[in-house]
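# Descriptive structure summary
Spelled out, the chains give:
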Amino acid sequence: MAEAARVLRPEGRIAFSIWKGKGSDGAFGWLFDAVGRLGDPSVTLPFGPDAHMLANRSSAEPMVTNAGFAEVQLFDVPSELYVQQPEDLFDAFDQGAVRAASL
């Protein structure tokens, strides 16, 4: 975040999105529920920051402002993913997100 703030031109803007994951309703909740019930617990994700830490406003806002951003605005934006068959949802995660595919 600090590097993004450093290289952004004065008066520039930046946007990023975070998918709400564990504990959410809908696709991500279903994915993590299935992995929790059916997955091999010995399989771990590649090292990296918690993919859900910025989904929590109380974590995201201070992190963004402490990195040097001003006039921070956080929005919850609903998204929808349409699939023809239920199993297509898992294909979407498998092909669309590196860390989710690792699960």
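Everything discussed here concerns the structure shown above.
Report follows, based on the coordinates. (Residues numbered from 1 in each chain as written. Predicted model: local features only at pLDDT ≥ 70, side-chain atom pairs only at ≥ 80, totals over all residues. Heavy atoms only, no water.)

Moving on to the overall build of the protein. Regarding its fold elements, the protein presents five helices and zero strands. Order of helices (α) and strands (β) in the protein, N terminus to C terminus: α-α-α-α-α. Expressed as a percentage of the 103 residues in the protein, the buried residues total 15%. Here the analysis covers contacts within the protein between residues at least 6 apart in sequence; of these, 60% occur between residues at least 24 apart. Carbon and sulfur atoms make up 54% of the accessible area of the protein, which totals about 8400 Å². (Helix = DSSP H or I, 4+ residues; strand = E, 2+ residues; numbered from the N terminus. Buried < 20%, exposed > 50% of the residue type's maximum accessible area, 1.4 Å probe, protein only. Contact = heavy atoms within 4.5 Å. Areas by Shrake-Rupley, 256 points an atom, 1.4 Å probe, with all protein chains shown as cover.)

To continue, consider a nonpolar patch on the surface. On the surface, Met-1, Phe-16, Ile-18, Met-53 and Met-63 cluster together to form a nonpolar patch covering roughly 380 Å² of accessible area. Relative to the elements of secondary structure, Met-1 occurs in the segment before α1 (2-7). (Patch = residues over 30% accessible without salt bridge, like charges linked within 9 Å, V, L, I, M, F, W, Y side chains within 5 Å. Salt bridge = Lys/Arg side-chain N within 4 Å of Asp/Glu carboxyl O.)

Here we come to the environment of Ala-55. One can find Ala-55 in the loop between α2 (27-38) and α3 (57-66). Taking the C-alpha atoms as reference points, Ala-55 and Ser-17, separated by 38 residues in sequence, lie 8.8 Å from one another.

Our next topic: the pattern of salt bridges. Pairing between side chains of opposite charge can happen when the charged atoms of each approach one another. For the structure on display, the rule yields three salt bridges. Between Asp-33 and Arg-37 there is a salt bridge whose closest N-O contact spans 3.0 Å. You can see Asp-33 and its partner Arg-37 sitting in helix α2, four residues apart, about one turn around the helix. Residue classification places Asp-33 among the partly exposed positions, given a relative accessible area of 41%.

Here the focus is the environment of Leu-81. As for its position among the elements, Leu-81 is in the loop between α3 and α4 (86-96). Leu-81 sits in the partly exposed class, given a relative accessible area of 48%. For the pair Leu-81 and Ala-92, spaced eleven residues apart in sequence, the C-alpha to C-alpha distance is 9.2 Å. Apart from residues no more than four positions distant in its own chain, Leu-81 is found in contact with Leu-89 and Ala-92.

Let's shift gears to unusual backbone geometry. Backbone geometry at Glu-11 places phi at a positive 70°, although glycine is not the residue there. Along the chain, the position of Glu-11 falls in the loop between α1 and α2. For Glu-11, a relative accessible area of 79% corresponds to the exposed category. Residue Glu-71 is not a glycine yet carries a positive backbone phi of 55°.

None of this, on its own, says anything about what the molecule does.
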